[in-house]
Every structure is written in structure tokens, then in C-alpha cells.
Amino acid sequence: MDNTQSFQFFNRGPSPAVRLVFFVVLSLLLLFIDARYRYLESTRSALSVLVSPIPRLATLPGVLWQQAGDFFTTQHNLVEDNQSLHQRHERDAAQLLQLQALQQENRQLRNLLALPQRGELTTQSAEIVYAERDVFKRKMLIDKGANANVLIGQVVMDDAGIVGQITRVYPWLAEVTLITEKDHAVPVQVLRNGLRTILFGAGDTSHLSLRYMPVSSDIQNGDQLVTSGIDGIYPPGIPVAKVVKIERDAAYPFARVTCLPVAGVDKHRHLLILSGLPKLPERPEEKPAAQNMKTKLPK
Amino acid sequence: MPYLAPVHPEIQRPVSTSLIVFSVLLALFLNGLPWEGIWLMLRPDFVAVVMLYWCTHKPLRVGIGLSWAVGILADVADASLFGQHALAYTLLAFGGVMLHHRLKMFDLRQQTTQVFGILALTYAAYALVHWQVNGYVVWPYFLGCLTSTLLWVPLSIMFQAARRMRVDRDH
């Protein structure tokens, strides 16, 4: 042992200052490599396998409860389920055949009129991992993330209609903002007469509202609202909501229209993520108009 | 106020490795919950406070190296730059290890001011890296520093209770 150094009863390794310098330099090195060269993505994904089980633990009791429920499902229930699914399948099959014919016809008509074709949508299914337990936010996490090429802005729906939109992507999870989130807007169209408007979330689970609808506008109880597809985010023609209440008060310029979402926004476990929306052309810039304004203003 | 008394005897009590591991995992889990908006700003950095607790109470078992490793895990969990949390937690652990003698002299209320200093340094290091890489600083981020400091007292009381329980069982 080196006797020139101060004697220590217990060997505790290098002093805190030495360790500090070592780990600070190591961190800075990693930071530099990660920020500049992105060499560490494989290390990151390997380590994220270690970390990703942690958020899933939160849902474990619920999952176990559900699995126990699945295990004890009676045969009677299964037979009933099977029958109802068969009936639905037959009903849907007829409609699907019609749909194919209509699609074909639509394609031909669009060709004749030289309109751009509607893009084919591809879907992938995802399961809800957990819904956020926050009173002010309507969000949930699904089990597909960057690993399944999920992108921010993709639309999420269930078998009945639009559920929400992907707003954040984690490696193994993605966050879906529900259409009922406060001030979340969906451009919609009344199916009956093609009236375009925008549907806003109200912040509670089962309630949406149409703002800025003139009192005289042609809208009725029970009207179906489908996406208009004008924004380039939501594909056209997917059911979103149903009008349930209209209050027309002559004192206000706008009618108060309350709607219910068609999709079981907070019911299902399985959802579909839509991808492959056709890209819209860029919106033309408004520079010329602005210049005109400028030339007019100084006087 | 038994909890606010100087923590001399408590600081020497044994602590099981499983408690340390469990607390760090729980803190990572709490940090990993999908906080949003103002809640994300107000969220205390559970991992930082837990690591600081162990660094000040068991500086020989939990030190700078372990804090750095936990920081790397936090970087992965948060999808932040590699080394960003690690750098912050290294400084945190150094502060904790350096100040652990001093903290022994104080009661919980007085400890809070010291803890605030260390946490402020940690938050500043994290924000500094963010500023260097992205060119801006989100100032409300520092609110988390205050809530983390506020977390120090209840967390210390909780850990004291957990360790006391263990000692009572052993005797």
C-alpha cells in the first residue's frame, strides 16, 4: 500500500470530488454524442425495455381482474356472444358487398369528373393501456407507439366512430387525446344536408357542442355528424356524433347544440389507428394580401 | 413534534437494500405517470428527492455512481437526452454526500433550506443543458423545484417510519 497518502481506516474508493468529475465528464460526453450524432438510439431502446414495464404496473390490477373475468365466462355467454356476432357478421356482409359496388362506382364517377381519388385508409389495432386519471384532461394511452410506426396526428377510432387523435408518441405507447377533451375541435358535416361546422369537446365524458351555429341553420335533433375531411387530419365520412339537444334562443345569435359522441369514447379496450391519409397540397401563402394591407395603411 | 427533532439516532439505523431499490423504482414510476400541462410543471421530481434522501442518509451505500445510473434510466423513461438527468443527479448526489454531515445537525424544517439549494442546482443543470441544446428555457419548469422541496418533509417522515418499523421488527 502506498504510505505517502493519508491513511484511511476503511477503503471507500475514490473521493466524492473525483467521482463527481468522472461522472460529470461521462454525462457531458453522452450528451454530446446523443445531441450531435444520435448514436445511442439502440442503447436507449434496449434500456427502455427495462423501464417500460413501470407504467404498465399501474394497470396490472385492472388487467388481472379482467383476465379473471374472462376465465370465468360461462359457456352460455360465449354461445350467446357467438350468435350475436354471427348475426351481425351476416348483416354487415350484405352491406360490405354493397359498399364494394359503391366504391367501384364512386371511383368511376371520380374518374369521369377528374376528381382526385380518395386514399385507401390502412388501420392497425391497439389496446388501451390506461386512461389518465386527471379531471381536466381527456387522454389515454394505447399500447402501440413508435415501435409500430404510430405518428403524431393520426386518428383513432373504434367500430362506431372517431375516438380521438394521437398527440404524443412514446417508444412503446402513444397518447390519445379524446374528442371530448375541452376545446378539442373536429371539423364535421351534417350527414343529412352537408352543412359544415366544427364540433368542440366540452371537457366531460359524454358531451360535445357545436359552436357558432346561426339560430336559423338547418339542424335537427338526431342529425348524424360525420367528419368533413377538410382539415386534412380526419378522413372524410367517419361518424363522430349525434345531435341530441338544440336550444334556439332569439336573444343570442347562435343556437346551443349539444351532441353525444357516437363512439364509446371511454368504454372500449380495443381501438383502431388510421394511417395513410392522402396529403393535401400546401395552403398558399398570404403574403400578397399582407403587402396590400401595408401599402394601404400608411397614409 | 417527535419527527422534527434532530435525526441523530434515526440516521444511523440500518436500512434494507430492498427498501432502497423499491423506493427508487416507485419514484421512477411516479415520475413516469403521464403528467400534462401545469401538473407536469408542478410535479415534484420524485426520483431526485428519493436519491437525495438516500445520498444524505446512507452516503456509503447510495452515492454518485448509483445516482448517475438512475439518471440514465430516468433519461430513457423521459425520452430526454442521454446524460441530461444523469448529469443533474450526479450533481445532486455530490451535494447530498457533501452535505450529509451538516444535515445531521438540523431538524427537518432546517434541512428544507439546504435541500432547496441542492435541488435548485439540479434543476438548473437540467435546464442549462436544455437551453444549450434547444435554445430556450421553460421557466415554469422551476416550479417543480419548489414542490420537490416541499416533498422532502413528508418523504423523510415516511422513510423514518418505514425504517423504524423494520427496526422494531428486528428487535
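Each value, and the rule that gives it
Residues numbered from 1 in each chain as written. Chains lettered and ligands numbered in written order. Predicted model: local features only at pLDDT ≥ 70, side-chain atom pairs only at ≥ 80, totals over all residues. Helix = DSSP H or I, 4+ residues; strand = E, 2+ residues; numbered from the N terminus. Buried ≥ 20, exposed ≤ 12 C-beta atoms within 10 Å, placed from the backbone. Contact = placed C-beta atoms within 7 Å. Pairing = 2+ DSSP bridges. Axes fitted to C-alpha atoms, helices over the stretch in contact; angles between N-to-C directions. Expected span 1.5 Å × (residues − 1). Arc of directions from axis to C-beta. Parallel < 35°, antiparallel > 145°, perpendicular 65-115°, else oblique. Core = buried A, V, L, I, M, F, W, Y, C linked by C-beta atoms within 7 Å.

Draft legend 1. Layout of the overall build of chain A. A count of helices and strands for chain A gives 6 helices and 12 strands. Expressed as a percentage of its 299 residues, the buried residues of chain A come to 23%. If you take every contact in chain A between residues at least 6 apart in sequence, the share linking residues at least 24 apart comes to 55%.

Draft legend 2. The arrangement of the overall build of chain B in detail. Broken down by element type, chain B carries 8 helices and 0 strands. Along chain B, helices and strands appear, N-terminal first, in the series α-α-α-α-α-α-α-α. The buried share of chain B, reckoned over its 171 residues, is 42%. For chain B, restricting intrachain contacts to residue pairs at least 6 apart in sequence, the fraction spanning at least 24 positions comes to 69%.

Draft legend 3. Quick look at the sheet that holds strand β8 (residues 208-214) of chain A. All names here are of chain A. Pairing is antiparallel around the closed barrel formed by 6 strands, whose spatial order is β6-β7-β8-β11-β10-β9. Taken over all neighbouring pairs, the strand axes of this sheet differ in orientation by 40° on average, direction set aside. Where strand β9 (residues 224-227) and strand β10 (residues 239-247) come together, 3 bridges link them in antiparallel fashion. When the bridges of β10 are listed, Leu225 appears paired with Ala241.

Draft legend 4. Summary view of helix α1 (residues 16-36) of chain A. Residues and elements named next belong to chain A. Taking 1.5 Å of rise per residue, 21 residues should cover 30 Å, and α1 covers 30 Å from first to last C-alpha, within 8% of that figure. Turning to α1, its buried residues number three or more, namely Arg19, Leu20, Phe23, Ser27, Leu30, Leu31 and Asp34. For α1, the arc enclosing every buried residue in end-on projection is 105°, short of the 170-degree limit, so these residues lie on one face. Among the exposed residues of α1, those pointing more than 90 degrees away from its buried face are Ala17, Val18, Val25, Leu29 and Arg36.

Draft legend 5. Quick look at the packing of α1(A) against helix α6 (residues 84-105) of chain B. α6(B) packs onto α1(A) with a crossing angle of 170° between their chain directions and a minimal axis gap of 8 Å. When the axis of α1(A) is compared with that of α6(B), the two are roughly antiparallel. Within the contact between the two elements, α1(A) uses Pro16(A), Leu20(A), Phe23(A), Val24(A), Ser27(A), Leu28(A), Leu30(A) and Leu31(A) and α6(B) uses Gln84(B), Ala86(B), Leu87(B), Thr90(B), Phe94(B), Val97(B) and Met98(B).

Draft legend 6. Quick look at the nonpolar core. Within the largest apolar cluster, 51 residues are counted, with the highest numbers of intra-cluster contacts made by Val47(B), Val50(B), Met51(B), Leu52(B), Tyr89(B) and Leu92(B). Where this core is concerned, the elements lending two or more residues are α1 of chain A together with α2 (17-32), α4 (46-57), α5 (64-78), α6, α7 (108-134) and α8 (143-170) of chain B. The element that contributes the greatest number of residues to this core is α6(B), accounting for 11 residues. With sequence-adjacent residues up to four places away left out, Met51(B) is seen in contact with Ser67(B), Val70(B), Tyr89(B), Leu92(B) and Ala93(B). In terms of nonpolar packing, the next biggest core, distinct from the first, is built from 41 residues, Ile142(A), Val156(A), Trp172(A) and Leu199(A) among them.

Draft legend 7. Quick peek at unusual backbone geometry. Residue and element names in this part refer to chain A. Of note, Asn149 is a non-glycine position whose phi angle comes to about 60°, a positive value. When you line up the elements, Asn149 lands in the loop between β2 (139-142) and β3 (155-157). Residue classification places Asn149 among the exposed positions, given that 12 C-beta atoms sit within 10 Å. Positioned with a positive phi, Tyr212 is a non-glycine residue whose angle comes to about 55°. Considering the arrangement of structural elements, one finds Tyr212 in strand β8. Classification of Tyr212 as exposed rests on a count of 12 C-beta atoms within 10 Å.

Draft legend 8. Just the pairing of strand β5 (residues 174-178) of chain A, in detail. Residue and element names in this part refer to chain A. With 5 of its 5 residues buried, β5 lies for the most part within the structure. Of the two faces of β5, the one holding Ala174, Val176 and Leu178 and the one holding Glu175 and Thr177 are both buried throughout. In terms of strand pairing, strand β4 (residues 162-169) meets β5 through 5 bridges, oriented antiparallel. Bridging across to β5, Gly164 finds its partner in Leu178.

Draft legend 9. Representation of the environment of Pro154(B) within the structure. Residue and element names in this part refer to chain B. You can see Pro154 is positioned in helix α8. Classification of Pro154 by C-beta neighbours within 10 Å gives exposed; the count is 12. Remark: the alpha-carbon pair of Pro154 and Leu108, spanning 46 residues in sequence, is separated by 9.6 Å.

Read these as layout, nothing more, since geometry by itself doesn't imply function.
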